[in-house]
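Residues per chain, in single letters:
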Amino acid sequence: MSDLRPIAAAPSILRTSFWLWIASAVVSFLSGIVGVLVAVQAGASGSSATAVMAGAVVGAIIGAGLRVVIAVFMVKGVSWARIILTIFGGLTALTSLPSLFTGDLLGILVLALTVAAGIMMWSPAASAYLRRRY
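Residues numbered from 1 in each chain as written. Predicted model: local features only at pLDDT ≥ 70, side-chain atom pairs only at ≥ 80, totals over all residues. Heavy atoms only, no water.

Caption draft 1: Examining a nonpolar patch on the surface more closely. Taken together, Ile 83, Ile 87, Leu 91, Leu 94, Leu 97, Leu 100, Phe 101 and Trp 122 make up a surface patch of nonpolar side chains, about 860 Å² in accessible area. Of all elements in the fold, only helix H3 (79-96) and helix H4 (98-102) reach the threshold of two or more residues within the nonpolar patch. Take the nonpolar patch: its biggest share by element is four residues, from H3. The topology assignment puts Ile 83 in helix H3. The class of Ile 83 is partly exposed, set by a relative accessible area of 44%. (Patch = residues over 30% accessible without salt bridge, like charges linked within 9 Å, V, L, I, M, F, W, Y side chains within 5 Å. Areas by Shrake-Rupley, 256 points an atom, 1.4 Å probe, with all protein chains shown as cover. Salt bridge = Lys/Arg side-chain N within 4 Å of Asp/Glu carboxyl O. Helix = DSSP H or I, 4+ residues; strand = E, 2+ residues; numbered from the N terminus. Buried < 20%, exposed > 50% of the residue type's maximum accessible area, 1.4 Å probe, protein only.)

Here you go:
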């Protein structure tokens, strides 16, 4: 791990992508929590509903945490992290697409942040930085 570069060494477009990934993780987590709150308000109850809601919260925490950790690796110059984030981004985009038709503002925001972060992390400056070795 000693060969990780400082975040300040990354090109500005990659640092911006990093912060967009962080924002995407936070908004995605909040979207999951809002979904659970809406289900509770709609009257979801019982042991199976409680288990599903608990699973949704745990899943939101794990998903956001993974995105943050992998984004840190990416901005520190680890090239495989960009591949993992691309896969996460593609899955996030696919699952967020219905938000465009339902008007779910948090889902639309997650989609926009994820697409912008994905485009920025594949820019020529970011690619050159991630290809460089010590």
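Caption draft 2: Geometry of the nonpolar core. Leu 14, Phe 18, Trp 21, Met 74, Leu 85 and Met 121 are the most contacted members of the largest nonpolar core, which has 20 residues in total. Mapped by element, the contributors of at least two residues to this core are helix H1 (12-41), helix H2 (47-75), H3, helix H5 (105-121) and helix H6 (124-131). Residues in contact with Phe 18, not counting those within four places in the same chain, are Ala 71, Val 72, Met 74 and Val 75. (Core = buried A, V, L, I, M, F, W, Y, C linked by side-chain atoms within 4.5 Å. Contact = heavy atoms within 4.5 Å.)

Caption draft 3: Structural detail: the packing of aromatic side chains. A full pass over the atoms with the stated rule returns two aromatic pairs. Here the aromatic rings of Phe 18 and Trp 19 are separated by 4.9 Å at their centres, their planes lie at 70°, and the arrangement is edge-to-face. In this structure Phe 18 comes out as buried when scored by relative accessible area, which is 6%. The exposure class assigned to Trp 19 is exposed, which follows from its relative accessible area of 55%. On the basis of an interplanar angle of 40° and a centroid distance of 5.4 Å, the ring pair of Phe 73 and Trp 80 is categorised as tilted. Against the face of Tyr 129 rests Arg 5, its NZ or CZ located 4.6 Å from the ring centre. (Phe/Tyr/Trp six-rings, centres within 6.5 Å; stacked < 30°, edge-to-face > 60°. Lys NZ or Arg CZ within 6 Å of the ring centre and 35° of its normal.)

Caption draft 4: Structural view of the packing of H1 against H2. At a minimum axis distance of 9 Å, the contact between H1 and H2 shows a crossing angle of 180°. With respect to each other, H1 and H2 are oriented roughly antiparallel. A breakdown of the residues in the contact of H1 with H2 according to their chemical character gives 21 nonpolar, three polar and two charged. (Axes fitted to C-alpha atoms, helices over the stretch in contact; angles between N-to-C directions. Parallel < 35°, antiparallel > 145°, perpendicular 65-115°, else oblique. Nonpolar A, V, L, I, M, F, W, Y, C, P; charged D, E, K, R; others polar.)

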